[in-house]
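Notes for the structure review
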Amino acid sequence: MVQQLKHWWSDTRRLWSATDVESSEVRARHIKAMLATTPWTMLASAITLGLCAWVLSGHAQTVTLIVWALAVLAMTVAGWVGCLRIQQSPLLAVGPGIVRAATAHALLLGAVWGAMPMLWFPHAESGLQMLIAVLVTGLTCAGALALTMVPPAALTYTFIMAG
């Protein structure tokens, strides 16, 4: 099993970091598929942020909540703007840099959403703890699904959210 995992990891790394034409074209198709849902996932992130801020407003320190909300909003806007910028040009071939950028964005978005349970779960009432647990589980699953076409980004997001 370990040997199979190493073989899979080696093949995956080769695809996402190779500079040959065929790998570039495959990456382009994967990035296009991911970008097709990005505006919707960023909208969902913004709506979820608004609902979380509203629910947490009576239970969290105002400054901490504002800083966290601004961080999530910044990552959401960055994802949406990046998607629009990339979609304006035809994607026929994509270098490994776009995959690294998508993975970095997934890491940062996962980190800011993953901060929510660390900040508020331990001191919350049981009902709020349940809401946070369900929300983080849903965000983890939805994010992993949305990023599935770019495995390095999907795995990074999932591992960060899993904490």
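Presented here is a report on the structure given in the accompanying data block. Please read all numbers here as calculations on a predicted model, not as lab measurements.

So, helix H2 (residues 21–56)
Helix length check: H2 (36 residues) gives 49 Å between terminal C-alpha atoms against 52 Å at 1.5 Å per residue, within 8%. Along H2, the largest kink reaches about 40° and is centred on Thr38; proline Pro39 follows within four residues of it. Two to three positions downstream of the cap, the backbone nitrogen of Glu22 sits 3.3 Å from a side-chain oxygen, assigning the N-cap of H2 to Asp20.

Remarks on the environment of Trp16
Inspection of the secondary structure puts Trp16 in helix H1 (residues 2–17). Note: C-alpha distance between Trp16 and Glu125 (109 residues apart in sequence) is 44 Å. In contact with Trp16, other than residues within four places in its own chain, are Arg27, His30, Pro96, Val99, Met149, Val150, Pro151 and Pro152.

Structural notes on the nonpolar core
Core analysis: the largest hydrophobic core is formed by 39 residues, its most contacted members being Leu56, Trp68, Trp113, Met116 and Trp120. Looking at this core, the elements with two or more residues in it are H2, helix H3 (62–87), helix H4 (96–120), helix H5 (126–146) and helix H6 (151–162). Looking at which element gives the most residues to this core, the answer is H4, with 9 residues. Residues contacting Met116, with those up to four places away along its chain left out, are Cys52, Leu56, Trp68, Phe121, Leu135 and Val136.

Points about the packing of aromatic side chains
Evaluation of the coordinates by the stated rule reveals 2 aromatic pairs. On the basis of an interplanar angle of 80° and a centroid distance of 5.5 Å, the ring pair of Trp68 and Trp113 is categorised as edge-to-face. You can see Trp68 sitting in helix H3 and its partner Trp113 sitting in helix H4, a full 45 residues away along the chain. The exposure classification of Trp68 matches that of Trp113, with both residues buried.

Digging into the packing of H1 against H6
Interaxial distance between H1 and H6 falls to 10 Å at its minimum, and their mutual angle equals 120°. In terms of orientation, H1 and H6 fall into the oblique class. Contacts between H1 and H6 involve Trp8, Trp9, Thr12 and Trp16 from the former and Pro151, Pro152 and Leu155 from the latter. Of the residues that constitute the contact of H1 with H6, the class distribution is 6 nonpolar, 1 polar and no charged.

Quick notes on the side chain of Thr156
Inspection of the secondary structure puts Thr156 in helix H6. There is a polar contact of 2.7 Å between the side chain of Thr156 and the backbone oxygen of Pro152. Sequence-distant contacts of Thr156, defined by excluding residues within four places in its chain, comprise Thr103 and Leu107.

Definitions and cut-offs
- Residues numbered from 1 in each chain as written.
- Predicted model: local features only at pLDDT ≥ 70, side-chain atom pairs only at ≥ 80, totals over all residues.
- Heavy atoms only, no water.
- Helix = DSSP H or I, 4+ residues; strand = E, 2+ residues; numbered from the N terminus.
- Expected span 1.5 Å × (residues − 1).
- Bend = angle between axes of the 7 residues up to and from the residue.
- Polar contact = N/O pair within 3.5 Å; in protein donor to acceptor, adjacent residues only side chain to side chain.
- Contact = heavy atoms within 4.5 Å.
- Core = buried A, V, L, I, M, F, W, Y, C linked by side-chain atoms within 4.5 Å.
- Buried < 20%, exposed > 50% of the residue type's maximum accessible area, 1.4 Å probe, protein only.
- Phe/Tyr/Trp six-rings, centres within 6.5 Å; stacked < 30°, edge-to-face > 60°.
- Axes fitted to C-alpha atoms, helices over the stretch in contact; angles between N-to-C directions.
- Parallel < 35°, antiparallel > 145°, perpendicular 65-115°, else oblique.
- Nonpolar A, V, L, I, M, F, W, Y, C, P; charged D, E, K, R; others polar.

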